[in-house]
Amino acid sequence: WDSTVKGHQNSEYYCIVLQYTHMLDNDRLNALIKMLNRKNDISRSFSFRFATEEESLDISGFKHNAIAPIGMKKQIPIIVSSSIMNLVPPIIYLGGGLVDLKLKLANIHDFATKTKALILNISTPR
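Residues numbered from 1 in each chain as written. Predicted model: local features only at pLDDT ≥ 70, side-chain atom pairs only at ≥ 80, totals over all residues. Heavy atoms only, no water.

Here glutamine 19 lies in the loop between strand E1 (15-17) and strand E2 (22-24). Overall, the relative accessible area of 19% leaves glutamine 19 in the buried class. Apart from the residues within four sequence positions on either side, glutamine 19 is in contact with Ser83, Ile84 and Leu87. (Helix = DSSP H or I, 4+ residues; strand = E, 2+ residues; numbered from the N terminus. Buried < 20%, exposed > 50% of the residue type's maximum accessible area, 1.4 Å probe, protein only. Contact = heavy atoms within 4.5 Å.)

As a further point, take the side chain of serine 81. Here serine 81 lies in strand E3 (residues 78-81). Serine 81 sits in the buried class, given a relative accessible area of 0%. Here serine 81 is in contact with Val17, Leu18, Leu120, Ile122 and Ser123, once residues within four sequence places are set aside.

Here is the structure:
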């Protein structure tokens, strides 16, 4: 991460949205973010990891297993797994701010557009 480069292709943190039936492909995520940054002359590797519970609470304002991508304490870029964009109907459920509360989004396409999410092929089926 390079703090001098601005833009959501180069962020210290990302909110990742993927289906529970898929798992994050860290190598693919690393390669795609590196590719997005090629014009910024950032040639090094990125190292992604899940935020600790403390970092997550500080960034989002939500506790573990309650994180909602809307209404976060700090604005961070959202990455939506491209596999979600093919859902029919395009409905998804996300964290709703409390452990037992879910947020139903009736149209993932509207969510991705309004949040300016990056749509990337970052997951593989379990």
